[in-house]
Amino acid sequence: MRAAPLVETDDVVLHFPVSGGGPLGLSRRTVKALNGVSLTVRPGETIGIVGESGSGKSTLGRALLGLEEVTSGHVTFDGIDVTSGRRQDLVRLRHETAMVFQDPMNALNPRLRVGEAIAEVLRVHKKVPTKRIGQRVAELLGLVGLDPALASRRPQALSGGQCQRVGIARALAVEPKLIVADECVAALDVSIQGQIINLFIDLKERMDLTLVFIAHDLSIVRRLCDRVAVMYLGRIVEEGPTEAVFAAPRHPYTAALIASIPEIDPDIPLPAAPMQGEPPSPLDLPAGCPFHPRCPYAEPQCRTDPPPTLRRRDNHGWACILDPSHLPPPATRLPNATGEHP
Ligand SMILES: Nc1ncnc2c1ncn2[C@@H]1O[C@H](COP(=O)(O)OP(=O)(O)OP(=O)(O)O)[C@@H](O)[C@H]1O
Ligand SMILES: [Mg+2]
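Every chain is numbered independently, its residues counted from 1 as its sequence is written. Whichever chain is written first becomes A and whichever ligand is written first becomes 1, with later ones labelled in order. Selection of residues for local features in this predicted model requires a pLDDT of at least 70, selection of side-chain atom pairs for listing and counting requires 80 or more, and totals for whole chains, interfaces and linings are taken over all residues. With hydrogens and water excluded, all non-hydrogen atoms of the structure serve as input to the side-chain values.

**Overview of the overall build of the protein**
Point 1. What counts as a helix is a DSSP run of H or I of at least four residues, what counts as a strand is a run of E of at least two, and both are numbered from the N terminus. Looking only at helices and strands, one finds eleven helices and twelve strands in the protein.
Point 2. For 342 residues, the compact-globule formula gives about 20 Å, and the C-alpha radius of gyration of the protein, at 21 Å, lands near that figure.
Point 3. Throughout, exposure labels follow a simple rule: accessible area from a 1.4 Å probe, protein chains only, divided by the maximum for the residue type, with under 20% read as buried, over 50% as exposed, and the rest as partly exposed. Out of the 342 residues in the protein, the part that is buried amounts to 47%.
Point 4. By definition, residues are in contact when any of their heavy atoms lie within 4.5 Å. Within the protein, contacts between residues at least 6 apart in sequence are counted, and of these 64% link residues at least 24 apart.
Point 5. The method behind every accessible area is Shrake-Rupley, applied with a 1.4 Å probe, and residues are considered shielded solely by the protein chains displayed. In the form shown here, the protein has an accessible surface area of approximately 16300 Å², with 53% of it arising from carbon and sulfur atoms.
Point 6. Counted charges follow a simple rule, with Lys and Arg positive, Asp and Glu negative, and His plus the chain ends left uncounted. Here the site of a charge means NZ on Lys, CZ on Arg, CG on Asp, or CD on Glu. Seen as two clouds, the 37 positive and the 38 negative side-chain charges of the protein have centres 7 Å apart. The quantity called the radius of gyration is restricted to C-alpha atoms. Its globule counterpart is 2.2 Å times the number of residues to the power 0.38.

Rendered as structure tokens:
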């Protein structure tokens, strides 16, 4: 039997009111960051959230941790309603979740030595008796592959990769049931990225880590994640087991994203412009399927019908009225927006 979900979002809508539109800059407008997101994360699972810039990945990550107020819908974490606004729910959430940030250098207080930065978390969360804090800091540094002697250094004396390991140690210090990592390797050199991903893979095997891993980089998500959710303009357009999604994507957007991953093999040319243009503004979403203006397969009804909801087969969901057999296998080139094969 599959474990009960640890985190569930049910039709989450999150709109940010912003001012500044209109001739005098006075009119109120709305950034439609999340537009009905339903997602389930089970204990021990690593789920990757991918999608272009502005698709709502960070907003979703923050909503999971109760850091954003949702406009409608629900987020449930381990049986508590994150969206209730009740103080005791938020306090429990703070003690049972942690975040790893993008910019490891700036995420650490420059005045605190590394050991103090980790000890601070242990104290706030009352994880170990005061006399055991030093020992636990050393254990955590070892767990993330750092020499415990680094505890006496300040962040400026560390490399970016070492700072990110400290960031991960601080997250692990919470002993969280859930970690949300938002673009946590994007600021690092490629070789260091690989080392941090290996660390996550190792931690996944050694601990019962539940990880929501937000990233632009699909090849990293493919290496690390059990499942992947693809976002487009505040919606999940495809979601399923990582290998199934990469081997046979079912949504034209996912197919185009995968087609734009640089091939390791230089003899395989990149498809010419697998996806046309930029996503529409979340201030002004198109009618119909939000992907239709860029979709090479769009039918007339894609422009007018309500956005398709996720339909599922074999635990793999996609939000498109077309049958995935429309899509070419991932290794072949996609037609461009005018339907011509390059
Ligand atoms: N506090 C806010 N106020 C107004 N708009 C916001 C706010 N936070 C995010 N947005 C907008 O919501 C949309 C989704 O943003 P979000 O940061 O979640 O995207 P993302 O997928 O994480 O992008 P990136 O890959 O660039 O990090 C964007 O249009 C963004 O400008
Ligand atoms: Mg983001």
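**Points about the packing of helix H4 (residues 114-124) against helix H6 (residues 160-173)**
When two helices pack together, you describe them by how their axes are tilted relative to each other and by the distance separating the axes.
Point 1. Fitting a line to C-alpha atoms yields each axis, with helices limited to the stretch in contact; the angle taken between N-to-C directions then spans 0 to 180 degrees. In the contact formed by H4 and H6, the axes pass within 8 Å of each other and the chain directions differ by 20°. Looking at the two axes, H4 sits roughly parallel to H6. Both H4 and H6 take part in a crossing whose hand is right-handed. On H6, the residues that touch Val114, Ala117, Ile118, Glu120, Val121 and Leu122 of H4 are Val166, Ala169, Arg170 and Ala173.
Point 2. Residues were grouped as follows: Ala, Val, Leu, Ile, Met, Phe, Trp, Tyr, Cys and Pro as nonpolar; Asp, Glu, Lys and Arg as charged; and all remaining residues, including Gly, as polar. In the contact of H4 with H6, the residues fall into eight nonpolar, no polar and two charged. Note that the term roughly parallel is reserved for angles under 35 degrees, roughly antiparallel for angles over 145, roughly perpendicular for angles of 65 to 115, and oblique for everything else. The sense of a crossing depends on the near helix, which, turned anticlockwise from the far helix by less than a right angle, makes the crossing left-handed and, turned clockwise, makes it right-handed.

**Some details on the pattern of salt bridges**
Point 1. Throughout this description, the term salt bridge denotes a Lys or Arg side-chain nitrogen within 4 Å of a carboxyl oxygen of Asp or Glu. Taken as a whole and judged by the stated rule, the model has 17 salt bridges.
Point 2. Across the salt bridge formed by Lys177 and Glu96, the nearest N and O atoms sit 3.4 Å from each other. Residue Lys177 is located in the loop between H6 and strand E7 (178-182), and its partner Glu96 is located in helix H2 (residues 87-96); the two are separated by 81 residues in the primary sequence.
Point 3. Across the pair Glu139 and Arg136 runs a salt bridge, and its minimum N-O distance is 2.8 Å. Placement of the pair is Glu139 and Arg136 together in helix H5 (residues 133-143), with a separation of three residues, close to one helical turn.
Point 4. What makes Glu139 partly exposed here is its relative accessible area of 34%.
Point 5. Through salt bridges with shared partners, a single ionic network connects Glu45, Arg227, Glu239 and Arg312.

**Focus: the domain arrangement of the protein**
Size of an interface: often given as the accessible area lost when the parts come together.
Point 1. Segment limits for the domains were obtained from an automatic or database-derived domain assignment. Domain annotation for the protein reports domain 1 (7-247) and domain 2 (251-342).
Point 2. Every contact between the two is made by 25 residues of domain 1 and, on the other side, 25 residues of domain 2.
Point 3. Counting the surface lost from both domain 1 and domain 2, the interface buries some 2300 Å², and carbon and sulfur atoms represent 62% of this.
Point 4. Where domain 1 touches domain 2, the interface holds two salt bridges.
Point 5. The salt bridge partner of Arg294 is Glu52, with a shortest N-O separation of 3.0 Å.
Point 6. Pairing of N or O atoms within 3.5 Å defines a polar contact, subject to two protein rules: one partner must be a possible hydrogen donor and the other a possible acceptor, and residues neighboring in sequence count only if both atoms are side-chain atoms. Counting across the domain 1 and domain 2 interface gives eleven residue pairs in polar contact (both at pLDDT 80 or more). When two parts are put together, the accessible area they lose, computed with a 1.4 Å probe and summed over both, is reported as buried area.

**Side note on the site of ligand 1**
Point 1. Being near a molecule or strand, for a residue, comes down to having at least one heavy atom within 4 Å of it. Taken together, 14 residues lie near ligand 1, and Ser53, Gly54, Lys57, Ser58 and Thr59 sit nearest.
Point 2. At the level of secondary structure, the elements contributing two or more residues to the shell around ligand 1 comprise strand E1 (7-21), strand E2 (27-41) and helix H1 (57-64).
Point 3. No other element matches H1, which puts three residues into the shell around ligand 1.
Point 4. When the residues that make up the shell around ligand 1 are grouped by side-chain class, the tally is five nonpolar, seven polar and two charged.

**What about H6?**
Point 1. Helix length check: H6, at 14 residues, gives a terminal C-alpha distance of 20 Å against a target of 20 Å (1.5 Å per residue), a fit within 8%.
Point 2. Here H6 lies mainly inside the structure; eleven of its 14 residues are buried.
Point 3. Regarding H6, the residues found buried are Gly161, Cys163, Gln164, Arg165, Val166, Gly167, Ile168, Ala169, Ala171, Leu172 and Ala173.
Point 4. Buried residues along H6 sit in contact with strand E6 (97-100), helix H3 (104-107), H4, H5, E7 and helix H7 (190-206).
Point 5. Just downstream of H6 lies Glu175, where phi reads positive at about 50°. By this rule the span expected of a helix is its residue count minus one, scaled by 1.5 Å.

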